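# Tertiary structure, described
What follows is each chain in one-letter form.
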Amino acid sequence: MQNNTIVVLISGTGTNLQALIDSQKRYKYQIVAVISNNPKALGIAIAKKHGINNFVVDHRKYQTRELFELAMSEIINSYNPALVVLAGFMRILEPQFISQFNNRLINIHPSLLPKYKGLNTHKRVLRNKDKQHGCTAHLVIPELDCGSNIVQATLDIQEQETEDSLNTRVKKMEYIIYAWCVKMLIQKRITINNKTIFLDSKKLPITGYTVTELSLHTIDDI
Ligand code: GAR
């Protein structure tokens, strides 16, 4: 049987984790473990509530980044997951960690990458008076937020928009595209060759597969 297991890494509220949990049955993947670097992450309670194996690997308790990542690697590798899924995991990862999960490590980021890598994306979008914003599920490579885009969701910024309203709208889109992205990778309908992403063997543009806020749910028909 195909390996359909994923390990999810979190640091905070875990609302993306919740969305990944909600789609498990329907999309036929299985979250086998959740790891948080933050002992206070609300996402740990979500994992517990759903009976998912959960671990705290507190980065502050390790002398080096390498040792912290080694501890996470040991847990992850004990599950041999098909995918390692960063869902609001807010630590930068070293190349050595990333290279073990070649094309099996993904992230969700609250901007239309390659625009707005890093933090405070909503604030920067508003400051620059952009007309569009969104989120991107992408492969993780050593350069921060630079791995190939897999799927992107876009929205039109409205006149009264605030950081809070953008956060709410963008997150709603994240929940949908990220679970779909996991499903498509697990089913091998989305594949990666070199840095190029293919959907059913057809090359995707560098934006990845794109949906809009209004057409979000159409990805379920694909
Ligand atoms: C999400 O918006 C995610 O895109 C972002 O953190 C939030 C986590 O929320 N991730 C990053 O900024 C990574 N660079 P959650 O804990 O409620 O899922």
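Higher on the page you've got the structure.
## Topic: the overall build of the protein chain
In terms of regular secondary structure, the protein chain is built from six helices and eleven strands. For the protein chain, the C-alpha radius of gyration of 17 Å lies close to 17 Å, the compact-globule estimate for 222 residues. Projected onto its principal axes, the C-alpha coordinates of the protein chain cover approximately 45 × 40 × 35 Å. When the 222 residues of the protein chain are sorted by exposure, 49% land in the buried category. Excluding contacts between residues fewer than 6 apart, the proportion of contacts in the protein chain whose partners are at least 24 apart in sequence is 63%. As presented, the protein chain carries roughly 11,500 Å² of accessible surface, and 52% of it is formed by carbon and sulfur atoms.

## What to know about the packing of aromatic side chains
Enumeration according to the criterion identifies four aromatic pairs in this entry. Summarising the aromatic geometry, the rings of tyrosine 62 and phenylalanine 68 are spaced 6.2 Å apart at their centres and angled 55 degrees between planes, so their arrangement reads as tilted. You can call tyrosine 62 partly exposed: its relative accessible area is 30%. Judged by its relative accessible area of 2%, phenylalanine 68 falls in the buried class.

## Focus on the environment of leucine 83
Within the secondary structure, leucine 83 is located in strand 4 (residues 83-86). With 18 residues separating them in the primary sequence, leucine 83 and phenylalanine 101 have C-alpha atoms 8.0 Å apart. Other than its neighbours up to four places away in sequence, leucine 83 contacts Thr5, Ile6, Val7, Arg104, Ile106, Val182, Leu185 and Ile186.

## Digging into the site of the ligand
Close to the ligand lie Gly12, Thr13, Gly14, Thr15, Asn16, Gly88, Met90, Ile108, His109, Pro110, Lys171 and Glu174. Between the ligand and the protein, one listed contact pairs an oxygen atom with a backbone N or O atom of asparagine 16 at 2.9 Å. The separation between an oxygen atom of the ligand and a polar side-chain atom of lysine 171 is 2.8 Å. In isolation the ligand exposes 450 Å². Once the protein is present, 88% of that is buried. If you list the elements that add at least two residues to the shell around the ligand, you get helix 1 (15-27), strand 5 (105-109) and helix 6 (163-186). Taken together, the residues of the shell around the ligand break down into three nonpolar, seven polar and two charged.

## Side note on the packing of helix 1 against helix 6
Following both chains from N to C, one finds helix 1 and helix 6 inclined at 45 degrees, their axes separated by 9 Å at the closest point. In terms of axis orientation, helix 1 runs oblique to helix 6. Between helix 1 and helix 6 the crossing geometry is right-handed. Listed contacts from helix 6 to Thr15, Asn16, Ala19, Leu20, Ser23 and Tyr27 of helix 1 are Lys171, Glu174, Tyr175, Tyr178, Ala179, Trp180, Val182 and Lys183. Taken together, the residues of the contact of helix 1 with helix 6 sort by class into eight nonpolar, three polar and three charged.

## Details of the nonpolar core
If you look at the biggest cluster of nonpolar residues, it comprises 51 residues, and the most contacted ones within it are Val8, Leu20, Ile31 and Ile106. Examining the composition of this core, we find that twelve residues originate from one element, helix 6, more than from any other. Non-local contacts of isoleucine 106, meaning those with residues more than four positions away in its chain, are made with Leu83, Val84, Val85, Leu86, His138, Leu139, Val140, Ile150, Tyr178, Cys181, Val182 and Leu185. Core analysis: the next-biggest nonpolar cluster, separate from the first, contains 20 residues, Ala33, Val57, Val84 and Leu93 among them.

## Considering the pattern of salt bridges
Enumeration over the complete set of coordinates arrives at seven salt bridges. Here aspartate 130 makes a salt bridge to lysine 115, at a shortest N to O gap of 3.3 Å. On the criterion of sequence distance, the pair formed by aspartate 130 in the loop between helix 5 (121-127) and strand 6 (132-139) and lysine 115 in the loop between strand 5 and helix 5 is long-range, its members being 15 residues apart. Taking the relative accessible area as the measure of exposure, aspartate 130 reaches 16% and is therefore buried.

Here is what the cut-offs are and how they apply
Residues numbered from 1 in each chain as written. Predicted model: local features only at pLDDT ≥ 70, side-chain atom pairs only at ≥ 80, totals over all residues. Heavy atoms only, no water. Helix = DSSP H or I, 4+ residues; strand = E, 2+ residues; numbered from the N terminus. Rg over C-alpha atoms; globule rule 2.2 N^0.38 Å. Buried < 20%, exposed > 50% of the residue type's maximum accessible area, 1.4 Å probe, protein only. Contact = heavy atoms within 4.5 Å. Areas by Shrake-Rupley, 256 points an atom, 1.4 Å probe, with all protein chains shown as cover. Phe/Tyr/Trp six-rings, centres within 6.5 Å; stacked < 30°, edge-to-face > 60°. Near = heavy atom within 4 Å. Polar contact = N/O pair within 3.5 Å; in protein donor to acceptor, adjacent residues only side chain to side chain. Nonpolar A, V, L, I, M, F, W, Y, C, P; charged D, E, K, R; others polar. Axes fitted to C-alpha atoms, helices over the stretch in contact; angles between N-to-C directions. Parallel < 35°, antiparallel > 145°, perpendicular 65-115°, else oblique. Left-handed = near helix turned anticlockwise from the far one by under 90°. Core = buried A, V, L, I, M, F, W, Y, C linked by side-chain atoms within 4.5 Å. Salt bridge = Lys/Arg side-chain N within 4 Å of Asp/Glu carboxyl O.

Nothing here speaks to function; it is geometry throughout.
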